[in-house]
Every structure is written in C-alpha cells, then in structure tokens.
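Take a look at the letters that make up each chain.
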Amino acid sequence: MSKKGNGEGTIYYSESLKRWVGQFVQYRKSDGSLKRKSLYGKTRKEVRDKMTIAMAEVQTNSYIENSNVSLVEIMEERLENQLALNQIIESTYIRTKANIQIIKDNMQISEMRIQDITINDINKSLKTVTNYSNSVLKKLCGLLSSAYDIAVVNKIVNSNPFRIAGAIIRPKSDKETKKVDALTIEEQKAFIAQLENYYEPYKTIFYIATYSGMRIGEILALTAEDIDYKNRVIHVKRTITRDKEDNIIIGKTTKTYSGQRDIPIINELFKVLKDRPILLNQKELLFREKDHPISPNVVNAHFKRICKNAEIRVIKVPTNSHGRKIMMNSSKVNTHMLRHTFATRCIESGMQAVVLSKILGHKEIQTTLDTYTSVFEKFKNDEVEKINALMSELH
C-alpha cells in the first residue's frame, strides 16, 4: 500500500524486498517521458531523509547518479570520439594515448571510481609523475581536467577540482627545463656555407627551415602550389605525421589548427626558391623519395652530418694513432634547432613577439614568450647596454 509524504514523492513498503522504497521524478527525458529515481531504507524515516536530500540536490542541479566509471575510462572514450569525429589527427591520437598510459602506469587514481577520488588523492598521485617534463605534466593535468568536465556534464560528479582555486597543486618537473638551443650567428654562417655545396632536396629543405622557422614536418608536406612567388608567402596547410600504425603520411592539417598560416618569404629565402623548377603537377610534394614523403628522421640525419662537417657543436681530439683528427658530437643537434635559430634571429632584429607568434604558428602569444624567455631577456639586456653606451657618450 502506497504512503505519500507531503511533497516528498512516493514512499511505500515493498513486501518482496522487505524494505521501504521511495520514488521521485528526477528529470524529464528528451522524448518527454519521466526519469524516476528509487531510494531504499530499513525504515520509512530513513527513506524520507534520503529523498529530502536527493530532491533538494535535484532542485539545485547538484544531484549525481551512482556510477562505477573511472577517470581513465572517460579519457579513453573521449579520445576515441575525438578521432572518430575528426577533431584530432592520428598523430595526436597516438601522443594522447601515450599520455593516458602514463596516468594508468603511475597514478593510483586511474584505478579508482571517479566518485571515490578526493582532492587529496589527486595531489598524491600527481607527486608520482614529477619525473616527467613540465610539458608532459601540463598535458596530464589537462587530460584529467577534461575528464572531470565530462563527468560534471553527465552528472557523475558535481564539480571539477581542477577548476577550484587552490584545490589542485600543479606539480613541477624534477627535470631541468630545457633552454632554447639555437645556432649562434657564427654557427649559422658555417651551416649556410656547408649548404652551398650540399645536394638536393636537403639543401632547399634546410634553407627553408633556416629562413622561415617552419617545422620540418610542415616543410616536407609542401606542394608547389603552396609557394606563392607573386605575393612572396608560403601557405602552411599541413604537416608530415604518422597514422595509428606509425606509418608516415601527409596530414590533413598542421600540428595544431593555429599552425595553418601564411609565412612571408624573406629575401634570402626568395633567392633560393625562385631558382627552383616549378613542378608540372602543382599538387605534388616538393620533397619526396620516389612516391613517398621524406621521413623527418632522414632529414635529421643529414642535419647532423652537415653540423659535423661544419664543426658545429663538436669536440676536437688532436689526432689518433694514424695521425688523423677525430671529431665527436659534444651535444645533441637536431633540426628543431633551425626553428629556434630563426626565432632567435627575429627577436635579435627587434621583431615583436605578437608577430613572431603568428609566423611560428603558436596558438597563443604566451607560448612564444614562455619558449623564448631567455632570448627576450638577453635581447632586453643588450638593448639596455646600447642605452648605457649612448648615455655615457653624452657626459
């Protein structure tokens, strides 16, 4: 027999369950039907108290359903949906999947129900991944926060602790932050000198990298129609990437959507490009090995060879037993140094950060400022020294 409390939904005793049952309308579904919620207790008062709290939470939009879902399950489902909906490219899928694996391998909260995780649990887990770089830690926190956002929308939890001021202590890496490694002016001159007698297509690839700041993957994805000689700009539309099977492919877009941009062709680069024969098929890749894109790893190997020939970042050992001079790399060199070299020269020339950010394809100007903090600081100090020198001449 049903017993209804005043404004408390329906409460009745179930003979089959031997328990008191309370029911109330939680919300109306999209098809117009009602979603009802049932609560149980040993006494009528216990059920009434539970319903009072639950119905108040529904009214304040803070009621949550009991769920066994974990943070990792939410992250993995979101990642698969992003790929299926073409929101991310396959290389981003691979990198994100690797970061989720870091969370699964290192953080205890990955195995817990999201509803059981406390703020203290999150902070304790974040302490276990400080051996990763700051950039990785930023991505891990971003993944966790996004999972909580989804859980809030689906009424699995009431709030995202990452969006509560002071709740989550963002970890700092145990590793020293990498400084921008660019070629000095003298090293750049030596590198360019070596390029003059180097063979194609790598000669042109390195000229573009040195004088445009483009990523190597972006250069390797260029077609003839991307070079606009009339307006002297390069249309950056896509990049070399990898599919889920780790095969090299031409991506549909750049590393990030903000990476799609037009880069001005400066005079030194125009001198190189204007003499390059225009391909008959404007949609063919400018740089390729037979019918396949060139691998960035192959380009990197050529870069190391040129640096060694130019004696850039090498240790010179006088002679060996045969009287031959031996040179060994004293530090790791890679093609990304050319992007940093271009950016450094731009800053040294006085280019504004907002302009450089657009050329480099950074999503936010803060990324440019953070990446090249030491370069901007050195430039500022050099400019101050010029002022000091000028002022001293006036006295």
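Structure shown above.
Just so you know, these numbers come straight off a predicted model, no measurement behind them.

Peer 1: Give a detailed account of the packing of aromatic side chains, specifying residues and quantitative values.
Peer 2: Under the criterion given, the structure shown has nine aromatic pairs. Consider the rings of F191 and F206, whose centres lie 5.9 Å apart with planes at 80°: the pair is edge-to-face. Highlighted residues: F191 in helix α6 (residues 185-195) and F206 in helix α7 (residues 202-212), separated in sequence by 15 residues. Just as F191 is buried, F206 falls in that class too. Each member of the aromatic cluster is reached from another via a ring pair, and the members are F191, F206 and F303. Over the ring of F270 we find R232, and its NZ or CZ is 3.7 Å from the ring centre.

Peer 1: How would you summarise the pattern of salt bridges if you had to cite specific residues and measurements?
Peer 2: In the structure shown here, the tally under the stated rule is 15 salt bridges. Ionic pairing is found between E15 and K18, a salt bridge with its closest N-O pair at 3.7 Å. Accessibility assignment for this pair places E15 and K18 in one class, exposed. As a salt-bridge pair, E218 and R215 come within 2.8 Å of each other at their nearest N and O atoms. Of the residues examined, R215 reaches a relative accessible area of 15% and is grouped as buried.

Peer 1: Explain α7 residue by residue, including any values.
Peer 2: Counting buried positions along α7 yields 10 of 11 residues, so the element is predominantly enclosed. Regarding α7, the residues found buried are Y202, T204, I205, F206, Y207, I208, A209, T210, Y211 and S212. Positioned one or two residues after α7, G213 has a phi angle of 80°, which is positive.

Peer 1: Just give me the short version of the packing of helix α2 (residues 71-84) against helix α3 (residues 90-106), but keep the residues and values in it.
Peer 2: Look at α2 against α3: their axes get within 10 Å of each other, and the N-to-C directions meet at 175°. It follows that α2 is roughly antiparallel to α3 by the angle criterion. In this structure, α2 contributes V72, M75, E76, L79, E80 and L83 to the contact, and α3 contributes E90, Y93, T96, K97, I100, I103 and K104. Split into classes, the residues belonging to the contact of α2 with α3 amount to seven nonpolar, one polar and five charged.

Peer 1: Describe helix α5 (residues 134-153), naming the residues involved and giving the relevant values.
Peer 2: Between its terminal C-alpha atoms α5 stretches 29 Å, which fits the 28 Å expected from 20 residues at 1.5 Å a residue. Within α5, burial applies to V136, L137, L140, C141, L143, L144, S145, S146, A147, Y148 and A151. Lining the buried residues of α5 we find α2, α3 and α4 (119-126). K155 sits one or two positions beyond α5 and adopts a positive phi of about 55°.

Peer 1: Lay out unusual backbone geometry with the relevant residues and their values.
Peer 2: The linkage connecting E200 with the following residue, P201, adopts the cis geometry, with an omega of 5°. Along the chain, P201 turns up in the loop between α6 and α7. Phi is positive for K18, which is not a glycine, with a value near 60°. Tracing the backbone shows K18 in the loop between β2 (10-14) and β3 (19-28). Notably, R232 is not glycine yet its phi reads approximately 55°, a positive angle. Looking at the secondary structure, you find R232 in the loop between β5 (227-228) and β6 (233-236). By relative accessible area, R232 is classed as partly exposed at 33%.

Peer 1: Account for the nonpolar core, naming residues and giving values.
Peer 2: Within the largest apolar cluster, 52 residues are counted, with the highest numbers of intra-cluster contacts made by F191, I205, F206, I208, I219 and I234. Looking at this core, the element that brings in the most residues is α7, giving seven residues. Those residues in contact with I219 that lie beyond four places of it in its chain are I205, I208, A209, M214 and F287. Core analysis: the next-biggest nonpolar cluster, separate from the first, contains 34 residues, Y93, M112, A151 and A167 among them.

About the thresholds
- Residues numbered from 1 in each chain as written.
- Predicted model: local features only at pLDDT ≥ 70, side-chain atom pairs only at ≥ 80, totals over all residues.
- Heavy atoms only, no water.
- Phe/Tyr/Trp six-rings, centres within 6.5 Å; stacked < 30°, edge-to-face > 60°.
- Helix = DSSP H or I, 4+ residues; strand = E, 2+ residues; numbered from the N terminus.
- Buried < 20%, exposed > 50% of the residue type's maximum accessible area, 1.4 Å probe, protein only.
- Lys NZ or Arg CZ within 6 Å of the ring centre and 35° of its normal.
- Salt bridge = Lys/Arg side-chain N within 4 Å of Asp/Glu carboxyl O.
- Axes fitted to C-alpha atoms, helices over the stretch in contact; angles between N-to-C directions.
- Parallel < 35°, antiparallel > 145°, perpendicular 65-115°, else oblique.
- Contact = heavy atoms within 4.5 Å.
- Nonpolar A, V, L, I, M, F, W, Y, C, P; charged D, E, K, R; others polar.
- Expected span 1.5 Å × (residues − 1).
- Core = buried A, V, L, I, M, F, W, Y, C linked by side-chain atoms within 4.5 Å.

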